[in-house]
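Listed here are the chains, written in short residue letters.
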Amino acid sequence: MRNILIVLIFFLGIKGGSQELNCNVVVNAEQTGNENFPIFKTLEKQLNEFVNNTKWTKKTFKDQERISCNMFLNITDYSGESFQGTLQIQSSRPIYGSSFSTPIYNFNDKDFSFRYLEFQNLIYNPNQFESNLISILAFHINIILAMDADSFSEKGGDEYYKQAQIITNYSQQSNFQGWKLEDGLQSRFTLIDNVLSPTFKEYRDIMYNYHRKGLDLMSDNVKAGKAEVASSLEKFTAMNSRRPNSFLLRTFFDAKAEEIEQIFTDGPPVNIASLKETLQKVAPLHSSKWQNIKL
C-alpha cells in the first residue's frame, strides 16, 4: 500500500508541474532550396520539444493555463553548422468569460543567426550563454511570460523581464546581432531596454488595464469594458510625447491593431472621438484601421 501511495504522489507531482507553454514551432527552409533535408525536420522536432518541455519558471501551471504561442522560423541560408533566417513569434491569452483569445506578443526577429549540429543537446542555463539559438528562444519565451503575467496582474511580469535582461547581458559576449545598443532600433536589446525604461513607464500599466480591466470585463458589461480599453489606450499619448513612434509602441500595435479595430466597430457605442485622434498620432501605420472605427 505504501509503495502504491509513493507511485501516486510521484505521478501527481509530474502532473502538477506542467510546463508553461503550449507552443507550435515551425521550421521553414523553402528559401534554401533544400527544404526536404532531414536536418530541418530534426531541428523542428528538437525545438518543439525544447520549448514545450523545458521548465521556464518555478511556478506550477495547470494544463488549461499553459500559454498558447507560435514560432515560425524561416531559414533563408545555411552553410555547414551556420544558419541564418528570421523568427516570427506570436502569443495569446484567453479572454475571461468567453471562448475568444487576445494577441499579446507579435515580434519579427530579423537578426536570427545561429549554429546548430543535428541532434545536439539543447540545454538552457538561465545564467550562462550556451548558444545564440538557446539565448534567442529563451529571451522571447521570457518576454511571452512577462507580457502574459502583466496582462493578469499589475507588474506581474517583473521576474521574467529581469530574466530577459539577464539573457541580453550575457549574450552580448557573443558576436551575434541583436543583443547590443548599436544593433539598431528594432532589436532584442531595444525591446527589453524600452520595456524597463522610465521613458515608457505607462506601457505595463496599459497592458494590465487593457486586458484585465477592459477585455475581461466585457463578458459582464461590454460597454464598460470597451470604455476601459479606450481609456487605457489614451495613456499612450504621454509615452508618445516623450518618444514618438517608438519601437515598443509599434510592437504593441502590431499585435493589437486588428483587435482594436474590431472592438470599436461592433457592439454598443462608447464616446471615442478623442481615441481616434490618439490612435492616429501614436500608431499612424495602422491609420486605415482607425478610419473604420465608428463613434
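Residues numbered from 1 in each chain as written. Predicted model: local features only at pLDDT ≥ 70, side-chain atom pairs only at ≥ 80, totals over all residues. Heavy atoms only, no water.

When the terminal C-alpha atoms of helix H9 (residues 247–263) are compared, their 24 Å separation across 17 residues agrees well with the 24 Å that a helix rising 1.5 Å per residue should span. In H9, a bend of some 55° at Lys256 exceeds every other bend along the element. Most of H9 sits out of view: 13 of its 17 residues are buried. (Helix = DSSP H or I, 4+ residues; strand = E, 2+ residues; numbered from the N terminus. Expected span 1.5 Å × (residues − 1). Bend = angle between axes of the 7 residues up to and from the residue. Buried < 20%, exposed > 50% of the residue type's maximum accessible area, 1.4 Å probe, protein only.)

Considering all chains together, one arrives at 13 salt bridges under this definition. Measuring nitrogen to oxygen at the nearest pair gives 2.7 Å for the salt bridge that ties Asp150 to Arg204. Within this pair, whereas Asp150 is found in helix H3 (residues 132–150), its partner Arg204 is found in helix H6 (residues 202–214), the two being separated by 54 residues in sequence. According to the relative accessible area criterion, Asp150 is buried, its value standing at 0%. According to the relative accessible area criterion, Arg204 is buried, its value standing at 8%. Residue Arg212 pairs with Asp216 through a salt bridge whose shortest N-O separation is 2.9 Å. The structure contains a network of salt bridges with shared partners spanning Arg93, Arg212 and Asp216. (Salt bridge = Lys/Arg side-chain N within 4 Å of Asp/Glu carboxyl O.)

Once that is clear, we can look at the confidence of the model for the chain. Model confidence for the chain is summarised by a mean pLDDT of 92, while 94% of its residues fall at 70 or above. The low-confidence segment residues 1–17, where pLDDT is below 50, has 4 contacts with residues more than four positions distant or belonging to other chains. (pLDDT = per-residue confidence, 0-100. Contact = heavy atoms within 4.5 Å.)

Moving on, we come to the layout of surface pockets. Estimated volume of the largest pocket: approximately 500 Å³. What lines the largest pocket is a set of 24 residues, among which Phe61, Glu65, Ile67, Asp148 and Phe152 lie closest to the centre. If you list the elements that add at least two residues to the lining of the largest pocket, you get strand E2 (67–79), strand E3 (82–94) and H3. Of the volumes computed, that of the second largest pocket is approximately 370 Å³. Along its surface, the second largest pocket is lined by 16 residues, and Ile95, Phe100, Leu215, Met218 and Ile263 are the ones closest to its centre. (1 Å grid on protein atoms, 1.4 Å probe; cavity = no way out; pocket = protein on both sides within 12 Å on 5 of 7 lines; lining within 4 Å. Points joined across faces, edges and corners; volume = space filled by probe spheres on them.)

Right, let's get into the packing of aromatic side chains. Following the criterion strictly, the structure yields 17 aromatic pairs and no others. Measuring from centroid to centroid gives 5.3 Å for Phe40 and Tyr78, while their planes differ by 90°, and the two rings are edge-to-face. Of this pair, Phe40 sits in helix H2 (residues 38–53) while Tyr78 is found in strand E2, placing the two residues 38 residues apart along the sequence. Relative accessible area serves as the criterion here: at 3%, Phe40 is assigned to the buried category. The structure contains a cluster of three or more aromatic residues connected by ring pairs, namely Phe40, Tyr78, Phe83, Phe112, Phe114 and Tyr116. (Phe/Tyr/Trp six-rings, centres within 6.5 Å; stacked < 30°, edge-to-face > 60°.)

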